[in-house]
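Working through the structure, step by step
The chain contents come next:
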Amino acid sequence: MTNYSEFITPNKLYKMISYKELGLVNSKELFAKAVKGGYAIPAFNFNNMEQMQAIISACVETKSPVILQVSSGARKYANQTLLRYMAQGAVEYAKELGQNIPIVLHLDHGDSFELCKSCIDMGFSSVMIDGSHHSFEKNIELTKQVVEYAHAHGVTVEGELGVLAGVEDEVSAEHHTYTQPEEVEEFVKRTGVDSLAISIGTSHGAFKFKPGQKPEIRLDILEEIEKRIPGFPIVLHGASSVPQDVVADINKFGGKLEDSIGIPEEQLRMAAASAVCKINIDSDGRLAMTAAIRKVFAQSPAEFDPRKYLGPARDALKELYKHKILNVLGSNDKI
Ligand code: G3H
Ligand code: 13P
Ligand code: ZN
C-alpha cells in the first residue's frame, strides 16, 4: 500500500510522498557516472503531456537517463499535483516502451526554501535553489537551508553561482555576471550542494545573440573552476542553440521571430566532455513545437483536431531531443 501521509494547510490538502515510491531516482549516481564518462545528462523542461511523451520516448530509444525539469511557471501552468503524477506515469511509460531508464524529477530555478520544501514533500527527487541573485553570504545561507532539508529526504540539490543573462517567464537578468572561480570551493564546502550551475556565457531564452555576434562559452573559466573543485558536477543552463532552420520554418509559416542565434552545439559538446554533467534545454523545444504547429495550421487551415497539430509537434520534439542526446550530450547508451 502507498505510504501517504497527509497534512492540511489553510486551503489545501497535500499528499506527501517520497520520490522513491514513485520509482524516480536522485541525481547523485547519474552525475558521478557522467563526470567520469565525459558526457552530460539531458535536463529537458516539461509543462504538458506531449512534451513528457517526447522526452521519454527519445530517451528510451537512445537509452539515455533523463532529468524531467519543472519550473515554477510550469507548476503554475500545469498544476503541481498533475505534474507529479505525470512523472510517476513517465516511469511506467518508459518501462512500457521497453527500457527502465533512470528518471529524475527536478525543480528548475527554485527561488525559496518553501518552494523547494513543497517539491521535496510532493515527490521531487532533486531541486535547484537559485540564490544567484543574492549576495554570496545570503546565497550560501539559503542554499544550505535547502540542502539540510533535502538531504534528510535523500533529495539532491543544485546551487548556482554567477548570473546568466536572458529573459523567460520566471527568470530574467539583462547582463550576465560570470562565475568567479575563486568563490566556488567555499560555496560548495559551506553549502553541501550536490551540483553547481555556473555562468560562463550561456543565457536563457530564444534570443541570446544577434546574428553576427560570436557566442562563446568561456571554457577557460570552466577549466579554472574544475581545477578548484575537481570532479564536482557542473551544470549549464541556457544551453539552447536556436536552430536556424527551425526559426526559418516558424517565420515561413506565419511567425514573426526576431533573428537570433544560440549556443553552438560544438561548444556544448566540449563542455559535456568535461565536468559539465547536466545541460538544460528548453527554448529549442519550444521552437521545434511551434514550427511544427505553424506548419499544420498554414498547410491545413481547416484542421481543428488538437491531435493533428500536437501530434506532429510531439514528433518534432522527439527528433530534436534524440539529436541532442546523440550529437551534443553523449548520454546515449548510459543507462
Ligand atoms: O530557465 C527557465 C526555463 O526555460 C523555464 O522557463 O520559467 O518560462 O517555465 P519558464
Ligand atoms: P534555454 O532557454 O537556453 O533552453 O535554457 C533553459 C534553462 O536553462 C532551463 O533552466
Ligand atoms: Zn535555467
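Before going into details, it helps to say that this report is about the structure given with it. Every chain is numbered independently, its residues counted from 1 as its sequence is written. As a convention, the first chain written is A and the first ligand written is 1, with the rest following in written order. Only residues with pLDDT of at least 70 get local features here, since the model is predicted, and only at 80 or more are side-chain atom pairs given and counted; chain-wide, interface and lining totals rely on the full set of residues. The side-chain values count all of the structure's non-hydrogen atoms but skip hydrogen atoms and water molecules.

Observations regarding the coordination of the zinc ion (ligand 3)
Note the threshold: A donor here means an N, O or S atom no more than 2.8 Å from the metal, or no more than 3.2 Å when the metal is Na, K or Ca. Since water is not included, a site may seem to lack partners. Helix numbering and strand numbering both begin at the N terminus, where a helix is a DSSP run of H or I of at least 4 residues and a strand a DSSP run of E of at least 2. The rule is simple: take the accessible area with a 1.4 Å probe, protein chains only, and divide by the maximum for that residue type; under 20% is buried, over 50% is exposed, in between is partly exposed.
Here the zinc ion (ligand 3) is held by His109 (NE2), His204 (NE2) and His237 (ND1), and the distances to it run 2.1 Å. Taken in sequence order, the residues that donate to the zinc ion (ligand 3) follow the motif H-x94-H-x32-H. Within this pair, whereas histidine 109 is found in strand β5 (residues 103-110), its partner histidine 237 is found in the loop between β12 (234-236) and α10 (244-252), the two being separated by 128 residues in sequence. The same class applies to histidine 109 as to histidine 237, namely buried.

Observations regarding the site of ligand 2
Formally: We call a residue near a molecule or strand when any one of its heavy atoms sits within 4 Å of it. Pairing of N or O atoms within 3.5 Å defines a polar contact, subject to two protein rules: one partner must be a possible hydrogen donor and the other a possible acceptor, and residues neighboring in sequence count only if both atoms are side-chain atoms. Here the open area of atoms and residues is found with the Shrake-Rupley method and a 1.4 Å probe, where only the protein chains shown may cover a residue. We call Asp, Glu, Lys and Arg charged. Ala, Val, Leu, Ile, Met, Phe, Trp, Tyr, Cys and Pro are nonpolar, and the rest, Gly among them, are polar.
The environment of ligand 2 is made up of 17 residues, and the closest members are Asp108, Lys208, Ser240, Asp282 and Ser283. One nitrogen or oxygen atom from the side chain of lysine 208 is found 2.5 Å from an oxygen atom belonging to ligand 2. At a separation of 3.1 Å, an oxygen atom of ligand 2 approaches a polar side-chain atom of asparagine 280. Coverage of ligand 2 by the protein chains reaches 98% of its 310 Å² of free accessible surface. Taken together, the elements giving at least two residues each to the shell around ligand 2 come down to β5, β11 (203-204) and β13 (276-281). Looking at side-chain class alone, the shell around ligand 2 contains two nonpolar, eleven polar and four charged residues.

Examining helix α12 (residues 283-299)
In plain terms, the rule: Residue count minus one, scaled by 1.5 Å, sets the expected span of a helix. Note on contacts: a residue pair is in contact if any heavy atoms of the two residues lie within 4.5 Å.
Here α12 spans 24 Å end to end across 17 residues, near enough to the 24 Å set by a 1.5 Å rise per residue. Within the sequence span of α12, burial applies to Ser283, Asp284, Gly285, Leu287, Ala288, Met289, Ala291, Ala292, Ile293 and Val296. Elements in contact with the buried residues of α12: α3 (49-62), α10, β13 and α13 (306-329).

Notes on the packing of aromatic side chains
Heads up, the rule is: Two rings belonging to Phe, Tyr or Trp (six-membered ring only in the last case) form a pair when the distance between their centres is within 6.5 Å. Interplanar angles under 30 degrees mark stacking, angles over 60 mark edge-to-face geometry, and anything in between is tilted. Here, a charge over a ring is recorded when the distance from Lys NZ or Arg CZ to the ring centre is within 6 Å and its angle to the ring normal is within 35 degrees.
One pass over the structure, following the stated rule, counts four aromatic pairs. Consider the rings of phenylalanine 113 and tyrosine 149, whose centres lie 5.9 Å apart with planes at 85°: the pair is edge-to-face. Of the two residues, phenylalanine 113 is situated in helix α6 (residues 113-121) and tyrosine 149 in helix α7 (residues 136-152); the sequence distance between them amounts to 36 residues. Both residues of the pair, phenylalanine 113 and tyrosine 149, belong to the buried class. Looking at arginine 84, its charged tip hangs above the ring of tyrosine 85, at a distance of 4.5 Å from the centre.

Regarding the pairing of β5
Applied cut-off: A pair of strands is labelled paired if DSSP reports no fewer than 2 bridges between them.
A large share of β5 lies buried, amounting to eight of its eight residues. As paired elements, strand β4 (residues 66-71) and β5 share six bridges and run parallel to each other. Residue pairing in the sheet places glutamine 69 in a bridge with histidine 106 of β5. Examined bridge by bridge, β5 and strand β6 (residues 126-129) share three bridges and lie parallel to one another.

Note that all results are geometric; they support no functional claim without further evidence.
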